[in-house]
Amino acid sequence: MTTTKEFDDTALVCIQDYENRAKEVLPPPVFNWYMDYADEGQTMKDCKNAFKRYRLRPRVLRDVSNRQFSTTVLGHPVSFPICISPTAGQRFADIEGDKTTARAAETLNTIMIVSSSAFFTFEDISLAAPNAMLWFQIHLFKDQKVTRFYVKQAERAGFKAVVVTIDSPVLGNKRSMKRGFVAPREEYRLVNLYDPNNPEVRSAIANGDIALWDYWWEQMVNSETWEGIHWLRNITKLPIVVKGVLTGDSAREAVQAGVDAILVSAHGGRQLDGVPATIDALPEVVKAVKDSGVEVYMDGGVRQGTDVFKALALGARAVFLGRPIIWGLANDGENGVKKVLEIVRDEFSVTMALAGCSKLDDIKASMVIHESQYLSKL
Ligand SMILES: Cc1cc2nc3c(=O)[nH]c(=O)nc-3n(C[C@H](O)[C@H](O)[C@H](O)COP(=O)(O)O)c2cc1C
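Starting from 1, residues in each chain are numbered consecutively following that chain's sequence as written. Note on the predicted model: pLDDT of at least 70 is required for a residue's local features to be given, and 80 or more for side-chain atom pairs to be given and counted; whole-chain, interface and lining totals, by contrast, use all residues. The basis for the side-chain values is all heavy atoms of the structure; hydrogens and waters are excluded.

Colleague: Tell me about the site of the ligand, residues and numbers included.
Modeller: Think of it this way: one heavy atom of a residue within 4 Å of a molecule or strand is enough to make that residue near it. Not every one of the 23 residues close to the ligand is listed here, only the nearest: P86, S115, T165, D299 and R303. Separating a nitrogen atom of the ligand from a backbone N or O atom of A88 is a distance of 3.0 Å. Two N or O atoms form a polar contact when they lie within 3.5 Å of each other; inside protein one atom must be a possible hydrogen donor and the other a possible acceptor, and for residues adjacent in sequence the pair counts only when both atoms belong to side chains. Here a nitrogen atom of the ligand sits 3.0 Å away from a polar atom, N or O, in the side chain of Q137. A total of 600 Å² of accessible area belongs to the ligand in isolation, and the protein chains cover 97% of it. Those elements giving two or more residues to the shell around the ligand turn out to be α2 (28-35) and α14 (323-354). Put simply, DSSP H or I for four residues or longer makes a helix, DSSP E for two residues or longer makes a strand, and each gets a number counted from the N terminus. When residues of the shell around the ligand are assigned to their parent elements, the largest contribution, 3 residues, is made by α14. All amino acids are sorted into three groups, where Ala, Val, Leu, Ile, Met, Phe, Trp, Tyr, Cys and Pro are nonpolar, Asp, Glu, Lys and Arg are charged, and the leftover types, Gly among them, are polar. Classifying every residue of the shell around the ligand gives 7 nonpolar, 11 polar and 5 charged. Note that accessible areas follow from Shrake-Rupley with a 1.4 Å probe, and for residues the cover is restricted to the protein chains shown.

Colleague: So, the packing of α2 against α14: which residues are in play, and what are the values?
Modeller: Axis angles are defined between N-to-C directions and span 0 to 180 degrees, where every axis is a line fitted to C-alpha atoms and, for a helix, only to the segment in contact. Across the interface, α2 lies against α14 with an axial gap of 10 Å and an inter-helix angle of 155°. Taken together, α2 and α14 sit at an angle that is classed as roughly antiparallel. Here F31, Y34 and M35 of α2 come into contact with α14, specifically with R323, I326 and W327. Considered class by class, the residues forming the contact of α2 with α14 number 5 nonpolar, no polar and 1 charged. To sort the angles, those under 35 degrees are grouped as roughly parallel, those over 145 as roughly antiparallel, those from 65 to 115 as roughly perpendicular, and the leftovers as oblique. Residue contacts follow a heavy-atom distance rule, with two residues in contact if any of their heavy atoms lie within 4.5 Å.

Colleague: Tell me about the nonpolar core, and name the residues and values.
Modeller: Only buried residues count toward a nonpolar core, which is a set of Ala, Val, Leu, Ile, Met, Phe, Trp, Tyr and Cys residues joined through side-chain atoms within 4.5 Å. Working definition: with a 1.4 Å probe on protein chains only, accessible area under 20% of the residue-type maximum means buried, over 50% means exposed, and in between means partly exposed. Ranked by internal contacts, the top residues of the largest apolar core, which has 110 residues, are I262, M298 and W327. Counting residues per element, this core draws most heavily on α14, which supplies 12 residues. Those residues in contact with M298 that sit more than four places away from it in its chain are F51, L263, V264, T278, I279, L282, A311, A316, A318, V319 and F320.

Colleague: Provide a residue-level description of the pattern of salt bridges, including the pertinent values.
Modeller: In the sections that follow, a salt bridge refers to a side-chain nitrogen of Lys or Arg positioned within 4 Å of a carboxyl oxygen of Asp or Glu. A complete count under the given rule lists 16 salt bridges for this structure. Residue E96 is joined to R103 by a salt bridge in which the shortest nitrogen-to-oxygen separation is 3.1 Å. For E96, a relative accessible area of 28% puts it in the partly exposed group. Note that R252 is salt-bridged to D249, the shortest N-O span being 3.0 Å. Separated by 3 residues within a single helix, R252 and D249 lie in helix α11 (residues 248-256), roughly one turn from each other. Bridged by salt links that share partners, the residues D46, R53 and D280 form one connected network.

Colleague: Got a sec to walk through unusual backbone geometry? Specific residues and values, please.
Modeller: Residues other than glycine seldom take positive phi values, yet H267 does so here, at roughly 60°. With respect to the helices and strands, H267 occurs in the loop between β9 (261-264) and α12 (278-289). The class for H267 is partly exposed, based on a relative accessible area of 21%. A positive phi angle is found at D291, which is not glycine, with a value near 70°. With respect to the helices and strands, D291 occurs in the loop between α12 and β10 (295-299). Judged by its relative accessible area of 75%, D291 falls in the exposed class.

Colleague: Break down the packing of aromatic side chains for me, with residues and values.
Modeller: For Phe, Tyr and Trp, rings pair up if their centres lie within 6.5 Å, where Trp contributes its six-membered ring, and each pair is then called stacked (planes under 30 degrees apart), edge-to-face (over 60) or tilted (otherwise). Going through the model one piece at a time under the given rule, you end up with 14 aromatic pairs. Consider the rings of F31 and W327, whose centres lie 5.1 Å apart with planes at 25°: the pair is stacked. With F31 in helix α2 and W327 in helix α14, this residue pair connects regions lying 296 residues apart in the sequence. This pair shows no difference in class: F31 is buried, exactly as W327 is. Judged by centre distance (6.2 Å) and plane angle (40°), the rings of W135 and F320 are tilted.

The following block contains the structure:
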């Protein structure tokens with residue numbers, strides 16, 4: 001048999017390959033910081049493993065020659081239901097960090113959530129990718145002036161939604177931080193905090209970037225409640241997404257607080273260890289908000305097309321990727337991020353075909369069941 005193509009066992013064909021290569025190319029402290037998790041990492045590992053506990057129930061002999069997976073997320077058209085979660089420190093993987101990721105999101109027409117810890121201003125990021133669909137992530141900072149400043153900057157820069165991370169009143173127990181992970185000082189520029197009218201921020205800047213980082217951390221230790229979401233509702237017309245909901249009770253509170261969407265997230269296992277895998281938490285949240293009009297998304301452990309299929313079948317409108325985007329950045333910048341998204345998209349397309357689905361509406365809850373239902377029949 002003759003082949004025209006050499007077999008290349010170093011080719012990067014799946015997200016695990018990208019992760020393995022990122023481990024080789026990144027300095028160990030940086031890779032470990034990206035990989036890091038709270039405590040023993042039970043939730044971080046479980047988010048990924050839990051997908052494997054669900055089984056697919058394909059339909060066969062359906063015409064799947066023409067598959068369609070473009071959709072809308074909060075009304076924004078996207079080419080596929082796979083978007084980008086906010087991650088801090090993208091600049092450690094690629095010098096242009098968030099700008100590079102935004103360009104990839106723009107080319108592939110998907111949504112990127114920019115972290116409140118981005119090292120570029122919202123304006124710079126949107127200028128780098130003027131047609132990208134950008135959302136921004138914030139916390140309900142202790143000082144409302146800080147939150148308001150973030151929101152107003154992002155509004156001016158044309159961002160289309162505000163994502164409030166609600167699982168981080170304090171930072172989780174991350175061991176790399178305790179081991180003294182320190183990024184190069186030059187990278188510590190949390191530029192979106194630079195409000196010249198805020199005297200505390202001014203003095204933080206005057207004291208140098210490390211002081212600014214400390215200031216940001218201090219802002220995280222807050223006593224905010226759902227009242228903060230009501231307050232936010234009054235200061236911006238942008239849609240509000242809450243990120244970090246894991247229970248039906250919190251989902252109902254979010255609906256009452258007037259949010260537009262919920263991102264089911266365990267923060268990649270970096271906050272409270274021991275919470276359920278997000279794919280396990282998803283159905284409870286979907287059920288709790290049924291008929292409210294609030295969209296539900298999920299992130300955590302999504303690494304392949306079958307994961308996307310399972311999440312959509314269990315009620316997510318879209319999934320978001322955290323670490324895989326960083327692995328793409330670290331390997332090959334914009335091209336790497338695009339490849340990562342394309343790999344998951346193409347695997348999802350094949351999964352749809354093999355499961356007998358030619359459009360997203362064909363993906364039904366009955367096509368995914370938990371393995372325990374098979375085991376209990378033995
Ligand atoms: C290095 C790193 C930095 C992160 N920074 C933020 C952040 O600034 N804001 C936030 O809301 N979530 C942050 N997250 C959590 C992600 O948005 C997301 O919830 C999580 O990474 C999804 O899990 P996955 O990495 O398994 O895809 C971060 C995650 C990682 C790995």
